[in-house]
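Descriptive analysis of the structure
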Amino acid sequence: MAFVRFLIPCFVIGTDIVFSCENTDDLVGASSLGDIVIGGLFAVHSEMMHPEEHPIKPVIQNCAGFEIQIFLQTLAMIHAIEMINNSTLLPGVTLGYEIYDTCAEVTKAMASALRFLSKFNSSEDVVEFKCNYSDYIPRIKAVTGATYSEVSMAVSRLLALQLIPQVSPASSAEILSDKIRFPSFFRTIPSDFHQTRAMTHLICESGWNWIGVIATDDDNGRLAVESFGVQAMANNVCIAFKEMLPAYLSDNTFHTKVDHVVEKIVKETRVNVIVVFMRQFHVLKVFKKAIERNVNKIWIASDNWSSAVKISTIPNIRQLGTIVGFGFKSRDISAFQNFLRNLHEMPTDNNKFLREYVMLLQVCAHLEYYDFQACISNQSQDDLLQNVENKHQIWKDEFLNANIEPGFIHSTVLAVYTIAYAIKGLCKNRNCKDPFAFTPWELLEELKNVTVIYDDKEIKFDSNGDMSTSYDVFLWKEIDGHMKITTMAEYDPRKGDFIFEDEEKKKAFLDLKKVQSTCSQHCPPGQMKKVTGSPHTCCYECVYCPENHYSNQTDMDYCYQCDNKTYWAPVNSSTCYSKTIHFLAWTDWFAIFLLLLSAFGVVLVLSISVIFTKNLNTPVVKASGGLTVCYIILFSHFLIFLSTTFFIDEPTEFKCKTRQALFGISFALCISCILIKSLKILLAFSFDPKLQNFLKCMYKPVPIVVTCTGIQVIICTFWLIFRTPFVKQNFSISRAIILECNEGSVLAFGIMLGYIAALAFICFIFAFKGRKLPENYNEAKFITFGMLIYFIAWIVFIPVYATTFGKYLPAVEIIVVLISNYGILCCTFLPKCYIIIYKQETNTKSAFLKMIYTYSSKSASSVAVSQISLDSKSSSSPATVSDSCKSQKNSVNGNAHFQVPGQTLIKGKALPKNTARTMARKRLSSI
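Here we summarise the structure given alongside this text. (Residues numbered from 1 in each chain as written. Predicted model: local features only at pLDDT ≥ 70, side-chain atom pairs only at ≥ 80, totals over all residues. Heavy atoms only, no water.)

**Thoughts on unusual backbone geometry**
Note: most peptide bonds trans; most residues except glycine with negative phi. What counts here: Only DSSP runs of H or I covering at least 4 residues are called helices, and only runs of E covering at least 2 are called strands; the numbering of each starts at the N terminus. Using a 1.4 Å probe on the protein chains alone, a residue whose accessible area is under 20% of its type maximum counts as buried, one over 50% counts as exposed, and one in between counts as partly exposed.
Of note, the bond from Gly145 into Ala146 is cis; its omega dihedral lies within 30 degrees of zero at 5 degrees. Along the chain, Ala146 falls in the loop between strand E6 (142–145) and helix H4 (149–159). Of note, the phi angle at Asn548 is positive, near 65 degrees, even though the residue is not glycine. Within the secondary structure, Asn548 sits in the loop between strand E20 (540–544) and strand E21 (549–550). Accessibility expressed as a relative area gives 15% for Asn548, which makes it buried. One non-glycine residue, Asp649, lies in the positive phi region at around 75 degrees.

**A few points about the sheet that holds strand E26 (residues 726–730)**
Counted only if it meets this: Paired strands, as defined in this entry, are two strands with at least two bridges between them according to DSSP. Only the contacting stretch of a helix is used when fitting its axis, a line to C-alpha atoms as for every element, and angles between N-to-C directions run 0 to 180 degrees.
Read from one edge to the other, the open sheet built from 3 strands follows the order E25-E27-E26, with strand pairing classed as mixed. Strands at the two margins of the open sheet, each flanked by one partner only, are strand E25 (580–582) and E26. With strand direction ignored, the average angle separating the axes of adjacent strands in the sheet is 30 degrees.

**Describing the nonpolar core**
So the rule is basically this: Residues belong to one nonpolar core when they are buried, are Ala, Val, Leu, Ile, Met, Phe, Trp, Tyr or Cys, and are joined through side-chain atoms within 4.5 Å. What makes two residues a contact is simply this: any of their non-hydrogen atoms within 4.5 Å.
Phe612, Phe663 and Met787 are the most contacted members of the largest nonpolar core, which has 71 residues in total. The element contributing the most residues to this core is helix H25 (residues 809–838), with 14 residues. When sequence neighbours within four positions are dropped, the list of residues in contact with Met787 reads Ile671, Ile674, Ala760, Cys763, Phe764 and Ile824. Listed in part, the 70 residues of the second largest apolar core include Phe186, Phe336, Phe339 and Leu354.

**Brief notes about the packing of helix H2 (residues 68–85) against helix H11 (residues 352–364)**
Stated precisely, the cut-off is as follows: Every angle not falling under 35 degrees, over 145, or within 65 to 115 is termed oblique; those three ranges are roughly parallel, roughly antiparallel and roughly perpendicular. We call a crossing left-handed when the near helix sits turned anticlockwise from the far one by less than a right angle, and right-handed when that turn is clockwise. Note on residue classes: Ala, Val, Leu, Ile, Met, Phe, Trp, Tyr, Cys and Pro are nonpolar, Asp, Glu, Lys and Arg are charged, and everything else, Gly too, is polar.
One can describe the packing of H2 onto H11 by two numbers: an axis separation of 10 Å at closest approach and a directional angle of 140 degrees. The orientation of H2 with respect to H11, classified from their angle, is oblique. Where H2 crosses over H11, the two elements pack in a sense that is left-handed. Contacts between H2 and H11 involve Ile68, Phe71 and Thr74 on the former and, on the latter, Phe353, Leu354 and Tyr357. Split by residue class, the contact of H2 with H11 holds 5 nonpolar, 1 polar and no charged.

**Things to note about the state of the cysteines**
Cut-off, in case you're wondering: Two cysteine sulfur atoms form a disulfide, by the criterion used here, when they sit within 2.5 Å.
By the definition in use, this model includes 8 disulfides. Cys427 shares a disulfide with Cys432; S-S distance 1.7 Å. What sets the handedness of the Cys427 and Cys432 disulfide is the S-S torsion sign, and at about -105 degrees it is left-handed. Taken individually, Cys427 and Cys432 each receive the classification buried, so the pair is uniform in this respect. Residue pairing for Cys562: its cysteine sulfur links by disulfide to Cys576, the two sulfurs lying 1.8 Å apart. Its torsion about the S-S bond being -90 degrees, the disulfide of Cys562 and Cys576 is classed as left-handed. Placement of the pair is Cys562 in the loop between strand E22 (560–561) and strand E23 (567–568) and Cys576 in the loop between E23 and strand E24 (577–578), with a sequence separation of 14 residues. No disulfide involves Cys670; its sulfur sits 7.2 Å from that of Cys673, the nearest cysteine.

**Some words on the pattern of salt bridges**
This is how the line gets drawn: One speaks of a salt bridge when a side-chain nitrogen belonging to Lys or Arg is within 4 Å of a carboxyl oxygen belonging to Asp or Glu.
Inspection of every chain in the model, using the stated rule, returns 27 salt bridges. We note a salt bridge from Glu292 to Lys289, for which the minimum N-O separation is 3.6 Å. Here Glu292 and its partner Lys289 are both found in helix H8 (residues 280–292), 3 residues apart, which amounts to about one turn of the helix. Judged by relative accessible area, which is 56%, Glu292 ranks as exposed. With a closest N to O distance of 3.3 Å, Glu743 and Arg659 form a salt bridge. With Glu743 in the loop between strand E27 (736–742) and helix H23 (746–769) and Arg659 in helix H20 (residues 653–684), this residue pair connects regions lying 84 residues apart in the sequence. Across the pair, exposure class does not vary: Glu743 and Arg659 are buried alike. One network of salt bridges, in which partners are shared, links Glu98, Arg115 and Arg139.

**Thoughts on H23**
Threshold: Here the expected length of a helix is defined as 1.5 Å per residue gap, with one fewer gap than residues.
Here H23 spans 34 Å end to end across 24 residues, near enough to the 34 Å set by a 1.5 Å rise per residue. Buried within H23 we find Ala748, Phe749, Met752, Leu753, Tyr755, Ile756, Leu759, Ala760, Cys763, Phe764, Phe766 and Ala767.

**Considering the environment of Glu547**
Mapped onto the secondary structure, Glu547 falls in the loop between E20 and E21. On a C-alpha basis, the gap between Glu547 and Pro570 in space is 4.9 Å, while along the polypeptide they are 23 residues apart. Discounting residues that sit within four places of it in the chain, Glu547 has contacts with Ala569, Pro570, Val571, Ser734 and Arg735.

**Examining the sheet that holds strand E13 (residues 321–328)**
Spatially, 8 strands are ordered E10-E9-E11-E12-E13-E16-E17-E18 in an open sheet, and the strand pairing comes out mixed. Single-partner strands in this sheet number two, and they are strand E10 (238–246) and strand E18 (497–499). Sheet twist, expressed as the mean angle between neighbouring strand axes with direction ignored, is 25 degrees. As paired elements, strand E12 (residues 297–301) and E13 share 5 bridges and run parallel to each other. Note on E13: the bridge partner recorded for Ala301 is Gly325. Contacting strand E9 (210–217), E10, strand E11 (273–277), E12 and E13, H8 crosses the sheet at an angle of about 110 degrees to E10. Seen against the sheet, helix H16 (residues 503–510) touches strand E16 (471–479), strand E17 (482–492) and E18 and runs at an angle of roughly 95 degrees to E17.

Right, dumping it as structure tokens:
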């Protein structure tokens, strides 16, 4: 390059001659006459020179930085107009053009736009000021351009004064879709909205959420960053940093800003994806500095530079990493390529751009490809020769073809064709050779509804003046040592999907996922994101989902809660699990143990029944109240044992209703029968006349049993009717559902148990009174023990039952039922069975008489004392029997008198022996 700097001055003969602006015609870069003239605005140069003298004067300066790609767009416009003129599209009408160089400067573009507004055939390019431009005929009928959105915004506002239609092939800023602010603006490309959405889609598909953005600090760059920011936020993509570079290379801070941007990229080690909305010459500067710093990232290119050959040919460009870009969809441009091959035949008299290119070819012809391109870009118009007629022209056709950006060429040609088709619509009934045949605003209305047939496809503008064409997704690949721009996929804005031609390209797309660009590690299923102190939502910690919560996707913001009634989840779970249904099953070892106890109880009941049946006529069986009473008691014990089976296995409505009622009624029946026995024993062995009279009134076996049992039946009936037990699902255990019976009414349950307890207590009192019976006939004592066992069991049951939960809750009640039932059964019948089996000698009538005689002898003296006391009291008032009991027989079973007839108790003396024998026989007969 040093050689180039030395060489260039040698060719310089003069400055400010060919390219300096002395009159308005000097502004025109390329022109051609025609019946209808179309204007063109292209940034053929990348910057406008700024004067160094002071004070600065309002003079339009020359430009520097010849842009091959934009130059090719001017040629594409010329080529399209020539094709139209050579076709039958506009018969008898010739299109002309005036193309101006904006030098990427709004100021220069406005100067060109003012000339567009000047009155037709005005020798002094006068722009008339009018209130109504409906009949005003300006110099041109439509404008193609401009290259950059910032320029298009300014120009479009100026052209809107006369509603001159402007069709841009490159300005993609989303704001230009606003037809209120830009009513005459159209474009043959999609809005940046679709491009930024496509970029965000690519980022999301690749699993990135922590990226950097760098852009040019102009309207286009700022608006693109804003649009991208909205799309990124909507898709949970965070922007780690945004850096803006000055729009103009002449800015004194430009190089400092470039250094700052590269330094930021280097420091942000977690940011491996950079989105770039910059002009090509900005990208060149940044990439050169990034290569020096060995930066290796994924770069997402906007349509401005995604297919720029001059960037792809930077030395060591492969060191930067992977470059993925979005460009406008192109069609067949072979006709344009043929046009370029014949470019050397094209006159340069009316095309300053072409003439400048020819000069640049001669200045830079000796250099290799990249240096050649850099040489062309670095020349200013002031540095070029005034004329080169004496120099041999050197054409590099392959150089121009290599620098074609197909998307922009296609959109430029399409822009010209849309204007031509709109003119065709207007010229159906008009003589368009006449410049006054139609006004620009009429052409504008036609453009809104025009349909273009291009490449055998119908194309038209939408309501925003945009064309929703597809994007090509480019992947820069190194092939044979050179960076090539290949098409990886197509993005359809309407569907929002990527389309791949083959699996190889799809694989290349999926390989992008291998690069990580996240602020935090991904949270796998079972975890959720917990935002840290960072203002970015993408920076977070991964925490486990708590119990009964789950997350089934990666990077979830929160965990879903399981349905706690039927599902559960452990900590760090990615799914919910169905709760296990728990109940006291038949197969449970504890249930089997309880069932064995119940079965043993049933066997015991049956065995006792057999023993008592075989020994029906023995005194022990008779003393137990007879076989009927024993069978009723044993049957109630059997039902109680049977009721325990309803507490086991899966609860049902029938089981819940049956188990308590069966147990309660059976127990009431059992206690009622034992109560009768207690009364009978107390009556038979009572020596207290008052007590005996009372017991005679009370002792009515059948009514007592029916009444006591009937009350329990009534209690259970009301319970089952009004507050019946039901099956309940208990969710108190996190991982299980406990099926249990809800008693319906705790009060009814308590009344039922309380009633049994009341009967048992009465039975206990009567049995306790008769606890001092003959030694071999101590049933009252054992009944007392049985009732005590019952009370102890049920007193312990209440707190245990109240504090127990789970599937073993029914087992608690089973245990209490078995304990109380076994206690009463064993205390009531086992002593008698023991006498029947092992002490048969005492199970005889004589043995019983002897036992009773002995008991009566011991009690005779106490009876005598009691009788004397009664006689002394009756001396003043005769002893009478209660009226209510007068109808009673004189004895229980006809025999039980408290004194022997014909005998008189002698005060202070014991009864005779024969009296004791008589009493013994009567008591035996009584019991």
